[in-house]
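# Remarks on the overall topology
The primary structure of each chain is shown beneath.
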Amino acid sequence: MKALHCITLSLAVLVQPALAEDLLKPTTPAPSLDIDAGPATEMVSEPVVHATGTIEAIDREREVVTIAHGPVPALKWPASTMQFQVREQQLEGLEVGDAVRIGFQSEGDEAAIVSIDKR
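Definitions and cut-offs
Residues numbered from 1 in each chain as written. Predicted model: local features only at pLDDT ≥ 70, side-chain atom pairs only at ≥ 80, totals over all residues. Heavy atoms only, no water. Salt bridge = Lys/Arg side-chain N within 4 Å of Asp/Glu carboxyl O. Helix = DSSP H or I, 4+ residues; strand = E, 2+ residues; numbered from the N terminus. Polar contact = N/O pair within 3.5 Å; in protein donor to acceptor, adjacent residues only side chain to side chain. Core = buried A, V, L, I, M, F, W, Y, C linked by side-chain atoms within 4.5 Å. Buried < 20%, exposed > 50% of the residue type's maximum accessible area, 1.4 Å probe, protein only. Contact = heavy atoms within 4.5 Å. pLDDT = per-residue confidence, 0-100. Pairing = 2+ DSSP bridges. Phe/Tyr/Trp six-rings, centres within 6.5 Å; stacked < 30°, edge-to-face > 60°.

## Quick word on the pattern of salt bridges
Oppositely charged side chains are able to pair whenever their charged atoms sit close together. For the coordinates displayed, the defined rule picks out 3 salt bridges. For aspartate 98, the salt bridge goes to lysine 118, with nearest N and O atoms at 3.7 Å. Highlighted residues: aspartate 98 in the loop between strand E3 (80–85) and strand E4 (99–107) and lysine 118 in strand E5 (residues 110–118), separated in sequence by 20 residues.

## Observations concerning the environment of arginine 62
Looking at the secondary structure, you find arginine 62 in the loop between strand E1 (49–59) and strand E2 (64–69). Along the sequence, arginine 62 and arginine 87 sit 25 residues apart, while their C-alpha atoms lie 9.4 Å from each other. Among the polar contacts listed, one links the side chain of arginine 62 to the side chain of glutamine 83, at a separation of 3.4 Å.

## A word on the nonpolar core
In this structure, Val65, Ile67, Phe84, Ile102, Phe104, Ile113 and Ile116 are the most contacted members of the largest nonpolar core, which totals 17 residues. Of all the secondary-structure elements, those providing two or more residues to this core are E1, E2, E3, E4 and E5. Beyond its immediate sequence surroundings of up to four residues, isoleucine 67 is in contact with Gly53, Thr54, Ile55, Glu56, Ser80, Thr81, Met82, Phe84, Val100, Ile102, Ile113 and Ile116.

## Remarks on the confidence of the model for the chain
Of all residues in the chain, 62% attain a pLDDT of 70 or more, and the chain-wide mean is 79. For the stretch residues 32–37, pLDDT sits under 50, and the model shows 1 contact to residues farther than four places along the chain or on other chains.

## Observations concerning the pairing of E2
Within E2, 5 of the 6 residues are buried, leaving the element largely enclosed by the surrounding structure. Bridge count between E1 and E2: 6 bridges; the pairing is antiparallel. When the bridges of E2 are listed, isoleucine 55 appears paired with isoleucine 67. Adjacent in sequence and paired antiparallel, E1 and E2 are bridged by 4 residues, among which glutamate 63 carries a positive phi angle near 55°.

## Concerning unusual backbone geometry
At glutamate 63, a position not held by glycine, the phi torsion is positive, near 55°. In this structure, glutamate 63 sits in the loop between E1 and E2. Take glutamate 63: its relative accessible area is 33%, and that puts it in the partly exposed class.

## So, the packing of aromatic side chains
The final tally for this structure, using the stated rule, is 2 aromatic pairs. Ring geometry for tryptophan 77 against phenylalanine 104: centres 5.7 Å apart, planes inclined by 20°, an arrangement best described as stacked. Within this pair, whereas tryptophan 77 is found in the loop between E2 and E3, its partner phenylalanine 104 is found in strand E4, the two being separated by 27 residues in sequence. The exposure class of tryptophan 77 is partly exposed, given its relative accessible area of 23%. Owing to a relative accessible area of 0%, phenylalanine 104 belongs among the buried residues under this scheme.

Structure below.
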């Protein structure tokens, strides 16, 4: 009788962690997020940085805008002229020479416009 009690107790102790582990597993896969109207590239994990500048060139085919921007203290960037990835609809109503305020995300040597507004 004592042996049966020990075996039952041992099984109860060993089975509980396995059951608890199964309870932690998700029953269905998490839905993937569909982010529409996000930045021009997939750099959505980077923080948005703001700057002001002037549009120097627009290449609608390549979806690139060249902006001469002021210093960007958040990134310790001096004033410079650089290209930003942009979606076509973000350029509606904008022309070369327009003064703009941009929100962008930067990763390495790539930068993508999140928002762009005439000043």
